[in-house]
Amino acid sequence: MADTLTIHRAGMASVQDLGRFGRSRYGLPVNGALDQHSARVANVLCGNDEGAPLLEITALDFSCTPSTDVLVAVTGAPADLTVDGVVRPQWEPLSVRSGETIRISGIRHGIRVYLAVLGSVNAPSLQGSCAPDTILGFGRSLRDGDELGLQRHCPPVDHPEFRIPLFRLRAPAHHFPTLWTIDVTDGPDLTEFGDTADRLFRSEFTVSPQSNHIGLRMAGSSPGDVPRRVATGEVLSRGVPVGAVEVPAGDELLVLHRGRGVTAGYPVLAVVTATGLSALGQVGPGQSVRFRRRTVAEAVAAHRAQRGAVHALKNRVRTVFDVLRIPTSPARTVSPVPTPHHLPADRRTS
Amino acid sequence: MDGSEVTPDGGSVVIVDCGDSAVVAKAVGMDAERAWQVVHALADALDAIRLDGVHGIVPTYDSLLVEFDCTDTDHATVRRVLRHEADRLGTGPVRPSSTRRFVVPVVYGGEFGPDLPVVAEQLGVSEREVVELHCGADLTVRCLGAPAGAPMMDGPAFPRPVPRLASPRTHVLPGSVAVAGRQAVICPMPSPGGWPLLGRTPLRVLEDLDADPLTAYRPGDTFRFVPIAPEQWDDHAGRPLAATHG
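Rules behind the numbers
- The numbers attached to residues start from 1 for each chain and follow its sequence in the written order.
- All chains are assigned letters beginning with A, and all ligands numbers beginning with 1, in the order in which they are written.
- Local features in a predicted model are, by the rule used here, given only for residues with pLDDT of at least 70; side-chain atom pairs are given and counted only at 80 or more, and totals for whole chains, interfaces and linings are based on all residues.
- The side-chain quantities take in all heavy atoms of the structure and omit both hydrogens and water.
- Comment: elements are numbered from the N terminus, with helices defined as DSSP H or I runs of at least four residues and strands as E runs of at least two.
- Note that the radius of gyration is over C-alpha atoms, with the globule rule given as 2.2 Å times the number of residues to the power 0.38.
- The cut-offs for exposure are 20% and 50% of the maximum accessible area for each residue type, with area from a 1.4 Å probe on protein chains only; residues under the lower value are buried, those over the upper are exposed, and the others partly exposed.
- Every residue pair with non-hydrogen atoms within 4.5 Å of one another is taken to be in contact.
- The Shrake-Rupley method, run with a 1.4 Å probe sphere, supplies the accessible areas, and residue values consider only the shown protein chains as cover.
- Under the counting rule used here, the positive set is Lys and Arg, the negative set is Asp and Glu, and His together with the chain ends is not counted.
- Taken as the charge centre is NZ of Lys, CZ of Arg, CG of Asp or CD of Glu, depending on the residue.
- An automatic or database domain assignment supplies the residue ranges for each domain.
- As a working definition, buried area equals the accessible area (1.4 Å probe) given up by two parts on being put together, with both sides summed.
- Whenever a nitrogen or oxygen atom comes within 3.5 Å of another N or O atom, the pair is scored as a polar contact, on the condition that within protein one atom can donate a hydrogen and the other can accept it, and that pairs from neighbouring residues in sequence are kept only if both atoms are in side chains.
- Ten residue types, Ala, Val, Leu, Ile, Met, Phe, Trp, Tyr, Cys and Pro, are classed as nonpolar, four, Asp, Glu, Lys and Arg, as charged, and the remainder, Gly among them, as polar.
- At least two bridges found by DSSP between two strands are what make those strands a pair.
- A fitted line through C-alpha atoms serves as each axis, taken over the contacting stretch for helices, and the angle formed by two N-to-C directions is quoted from 0 to 180°.

Counting its secondary structure elements, chain A contains 3 helices and 22 strands. For 350 residues, the compact-globule estimate of 2.2 N^0.38 gives 20 Å, and the C-alpha radius of gyration of chain A, at 21 Å, lies within 12% of that figure. Projected onto the principal axes, the alpha-carbon positions of chain A cover approximately 70 × 50 × 30 Å. The 350 residues of chain A split such that 57% are buried. The long-range share in chain A, meaning contacts at least 24 apart out of those at least 6 apart in sequence, stands at 79%. Working note: accessible area of chain A is about 14300 Å², and carbon and sulfur atoms make up 52% of it. Here chain A contributes 37 positively and 33 negatively charged side chains, and the mean placements of these two sets differ by 3 Å.

Following this line, the structure appears as structure tokens:
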């Protein structure tokens, strides 16, 4: 009998990875974990490949129970994390025994929590990734009672009586401020906004409830806070990067995130940096952001520093796991799904 | 901005940064056909090179977006490769001439193309004329769009651009044939959409979402639409579009 992770309370959770790379020429958005940094760290803390399937838990309380002993790590937004009622730390590996319940509740200051399991979980794959694509209808939200197949088990690695964790890996955690600062670089169409471009940096913008993994809509406190396009004329459809800041309707900013369609016809005022996008993956409706202008060189340096910290963590994890003889044979990657059942049945009319 | 180099035919490829993880190459100063050929040839070259760190290549009409992980490569490297390839293209023909032509039956109007009347009115022509223009010429696929493999084509020879719908539909049926601006498309998947719908093909546009390559057609191929009666829907229903080239 294969081992499973039983989901008791699904809230809003799904199985994710870092995204569907290399398919944008076919019009497929990249998708994947919205806070890439927290997702990478969760996997690395379990000795997994950074891109292994893991759980992305959004805003609502969540609980699950493994049918075997496992090693897990929980990263992302601060939350109350317990294993069978005992408070446990985020951003460290945790031993969870067969039958114990992992509970994540009270997610705050950010909206996304990541739960990785050593050896990963089984997930169907489409074009090389398990990342849900809501427009294609691929991948679904988890439901109460779902059972996810587990690839491996891991004997307990903690004090047998007191359950004191053995790990102090000092993972590079995010900061979760009340007012987010999101770094951007100048967009390719900056000049089309004339003197109004600077408004992006003058006021705070509040994320509207009409925001999701495709894009975040943000309003200033008055319409005059929003930059305006001063140039006229049609823009031919062209590829726009994840992170593009646009002003489609004139009164709101639209910041494209990982689910964005690959082409668009609006001018790009600014582009959120790679580290800024991970931060933006934590900003929920009603929260405010302030944009900060960075050069491309500064943004690249920040991203490399963040990735370098994850790389250093990976080395520490490897050392510790070797000492503790925790087996981390490469996680099996996502399994292919039989086709073509994920193509919806042809419907003649709605 | 990168120094753009003038190619012998007077046009040039301009390469600009697009954030910390992308650059854009734009073909400027050349006719639309040549610009499209250049950006797609650059995309093919980049695909073939498999540059470390590059994970997204989006060629459209006159522009090519290249997305990469700036930990694994850098802007200078991507720019250098693009510049080198742009120089190599010179002025010769840059696309292989082997394109395919797909013949696509469409039921126009009614429940299949609910926006046909409004498009006719906006264009100041009859519904029949709209249909005749839409199926009166081969339409060239220029790029593939969202949500997956949507063939974005040059639009029919309408007298003027077609406005988008004031309020987009939340659900467009697969096979819907739509136009907007000076473009045309077939929607391969059920999805939201703001383009007016002229009709719908009973063909299966995408066979298998996990296929590699995803689509039977490529940029450069052409589509020819053929009107059919609603009664003929079932004769074609579910037939793969891939089988209609010739």
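Take the domain arrangement of chain A next. Residues and elements named next belong to chain A. Looking at chain A, the domain boundaries give domain 1 (4–174 + 307–336) and domain 2 (179–297). Counting the surface lost from both domain 1 and domain 2, the interface buries some 1400 Å², and carbon and sulfur atoms represent 55% of this. Of all residues in domain 1, the largest losses of buried area upon contact with domain 2 belong to Asn 31, Leu 34 and Ile 111, amounting jointly to 34% of the total for that side. Counting the contacts that link domain 1 with domain 2 gives 10 residue pairs in polar contact (both at pLDDT 80 or more). Elements supplying a minimum of two residues to the side of domain 1 that touches domain 2: helix H1 (36–45) and strand S10 (112–117). No other element matches the 3 residues that H1 contributes to the side of domain 1 that touches domain 2. When the residues that make up the side of domain 1 that touches domain 2 are grouped by side-chain class, the tally is 11 nonpolar, 12 polar and 2 charged.

Here we come to the environment of Val296(A). The residue Val296(A) is located in helix H3 (residues 296–324) in this model. Considering only alpha carbons, one finds Val296(A) and Thr273(A), 23 residues apart in sequence, at a separation of 8.4 Å. Leave out the neighbours within four places in its chain, and Val296(A) touches Thr185(A), Asp17(B), Gly19(B), Asp20(B) and His75(B).

In this section: the sheet that holds strand S10 (residues 176–180) of chain B. Residues and elements named next belong to chain B. Taken in spatial order, the 7 strands of this closed barrel run S6-S13-S10-S11-S8-S7-S14, and their pairing is mixed. Put simply, the sheet's adjacent strands are angled 40° from each other on average, direction ignored. Direction of pairing for strand S7 (residues 139–145) relative to strand S8 (residues 150–154): antiparallel, over a ladder of 4 bridges. Note on S8: the bridge partner recorded for Val 141 is Met 153.

As a further point, take the sheet that holds strand S21 (residues 288–293) of chain A. All names here are of chain A. Read around the barrel, 7 strands follow the order S13-S20-S17-S18-S15-S14-S21 and close on themselves; strand pairing throughout is mixed. Going across the sheet, the axis of each strand differs from the next one's by a mean of 40°, ignoring polarity. As judged from the 2 bridges shared by strand S17 (residues 244–246) and strand S20 (residues 270–272), these two strands associate in the antiparallel manner. When the bridges of S20 are listed, Ala 244 appears paired with Val 271.

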